[in-house]
Amino acid sequence: MDDKDIMMRNIVWLRHELRLTDNPALYYAAQGEHEVLPVFIWPGKTSSPGGASRWWLHRSLLSFSAKLQEMGARLLVMTGDASKMLPDLAVQYEAETVFWSRAYDPEGCVLDEAVERALRGQGTTCRIFAGANHLLNPADVWNKSGEPFKVFTPFYKRAASVSVDRPVPAPGKITTPAGRMDGVTIESLQLEPEIDWAGGLRDAWEPGESAAKARLDVFIGDGLKAYEGERDFPGQDGTSKLSPHLHFGEISPRTIYHAVREQSESSRDKALFRESEVYIRQLYWREFAHHLLHHFPHMTEKPMYPEYEKFPWRKDGAQLRAWQGGRTGYPIVDAGMRELWTTGWMHNRVRMIVGSFLVKDLLLSWRHGAEWFADTLVDADAANNTLGWQWVGGCGPDAAPYFRVFNPVLQSKRFDPDGIYIKRWVPELASLQGNALHAPWTASSAELEVAGITLGKEYPQPVVEHAGARERALMAYATMKSARSRK
């Protein structure tokens, strides 16, 4: 009897689970005397992640492939339609079962159904794991009326009452089928930019499961104890920066949740326990975003509340480009947009400030912001990005009211009082002090001369005057409400 008669084969289809630890599909596929074929299928032109996300995915795949090789296993990389390729692979490798983690975004749900239908249609067993990239299954949380939640606080209370499963360990071993595998190289996917603009990303990030675990350890050891007090200040290193690692599945939210819980409970420090609860609440905000996108898939294209379809957005390409390039004349806004372009990431407080500026000061659609973030963020998660922009635009679930308009100067003074963040990302203003740093147009001629700045040359004049822009935004909102009431 040869090995083929003894060894059963399983296929593991990987998408956003590029990790060994707490990867249920990979763990259970590897149990017993089974050969396991881990497969990543790049959909090619049918997929359109942004440039920063593609850069991250390239390195994440390299890291994950190397981890498998350390275990003596291999990652099969292919391109094409998973609903056609997985059934063919199951036949080619005589696979008993195909394992994968269920997706909850609109495109992922459609693909899941197509893959499962094709596999079962040819007699291949499917084993699909729900909620592997979440604290709980996004499809399983309902309000008392049996409807999806639209407000975060009641969602959080309900979701937090459900126990979070412990993460499963990494497989003890993974044995892949011997012989040649007809795949492609990671490099052939052409995920990296042809013109190398990614130097800032390389300086800021190290993709991969090991880097995610190291970042979690540092945050738990140093950052968690001061999280509540520092998380809103972009000049401080007060956040975990785990969002891109979560997005690509290099670490699971369950791993983070239990690590934070264990750290706070083992210390018996009431203050640390409070800090951990504040941080865990942010994990549930991510859950809320995925819950919403699953139940309201139109949100990526349309506002949650249909009346906002009639909102009188402006069209101004020059002002949009000024916002994208960090040349609005408002230092805190420009600092955020330059941080984004350079590192592929932006502090969450600043995301709210730049978002409010786009949709309220400039009166440009939230869709422009969502599209730009999707292209430039390394953590460009469709659910989080959509919820964030609909929140700041006042048109989504549990949103900030549209009439709440952030004053970028007051926000700057409050959350970057010493200008640490501004001076880092807008270095041409580094010699200004006090109010002049937050609002350069208020600086005296002498202050500007000493700093070597001519407004409109070294640094732009404001593209809009905030007080007037605020009134314009409120008038547009009133116009929309008036039109709705006449129906």
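Our subject is the structure listed above.
Conventions adopted
- Residues numbered from 1 in each chain as written.
- Predicted model: local features only at pLDDT ≥ 70, side-chain atom pairs only at ≥ 80, totals over all residues.
- Heavy atoms only, no water.
- Axes fitted to C-alpha atoms, helices over the stretch in contact; angles between N-to-C directions.
- Helix = DSSP H or I, 4+ residues; strand = E, 2+ residues; numbered from the N terminus.
- Parallel < 35°, antiparallel > 145°, perpendicular 65-115°, else oblique.
- Left-handed = near helix turned anticlockwise from the far one by under 90°.
- Contact = heavy atoms within 4.5 Å.
- Nonpolar A, V, L, I, M, F, W, Y, C, P; charged D, E, K, R; others polar.
- Salt bridge = Lys/Arg side-chain N within 4 Å of Asp/Glu carboxyl O.
- Buried < 20%, exposed > 50% of the residue type's maximum accessible area, 1.4 Å probe, protein only.
- Pairing = 2+ DSSP bridges.

This part is about the packing of helix H15 (residues 348-361) against helix H16 (residues 366-376). Two elements in contact, H15 and H16, have axes whose closest approach is 9 Å; the angle formed by their N-to-C orientations is 140°. In terms of orientation, H15 lies oblique with respect to H16. H15 and H16 meet at a crossing whose hand is right-handed. Seen from H15, the contacting residues are Arg-351, Val-354, Leu-358 and Val-359; seen from H16, they are Trp-366, His-368, Gly-369 and Phe-373. The residue inventory of the contact of H15 with H16, partitioned by class, reads five nonpolar, two polar and one charged.

Per the stated rule, a full pass over the model turns up 20 salt bridges. The residue Arg-261 makes a salt bridge to Glu-277 at a minimum N-O spacing of 2.1 Å. Linking Arg-261 in helix H11 (residues 253-267) with Glu-277 in helix H12 (residues 270-295), this pair joins segments that are 16 residues apart in sequence. Note on Arg-261: relative accessible area 18%, which makes it buried. Note that Arg-327 and Glu-428 form a salt bridge whose closest N and O atoms lie 3.9 Å from each other. Taken together, the positions of Arg-327 in the loop between helix H13 (317-324) and helix H14 (331-343) and Glu-428 in the loop between helix H19 (420-425) and helix H20 (434-438) put the pair 101 residues apart, joining distant regions of the chain. Residues joined in a network through salt bridges with shared partners are Arg-327, Arg-338 and Glu-428.

Tracing the chain through its elements places Tyr-28 in helix H2 (residues 24-29). The contacts of Tyr-28, once residues within four sequence positions are left out, are Phe-99, Arg-127, Phe-129 and Val-168.

A few words on the sheet that holds strand S2 (residues 34-42). Strand order across the open sheet formed by five strands is S3-S2-S1-S4-S5, with parallel pairing between neighbours. Looking along the sheet, the strands with just one partner apiece sit at the ends: strand S3 (76-79) and strand S5 (125-129). Each strand of the sheet is rotated relative to its neighbour by a mean of 25°, with strand direction disregarded. When S2 meets S3, the two strands line up parallel, connected through four bridges. The residue of S3 that forms the bridge with Trp-42 is Thr-79. Helix-sheet contacts for helix H3 (residues 51-70) involve strand S1 (8-14) and S2, and the interaxial angle to S2 is about 165°. Its contacts with the sheet place helix H5 (residues 106-121) against S1, strand S4 (95-101) and S5, and it is angled at close to 170° to S4.

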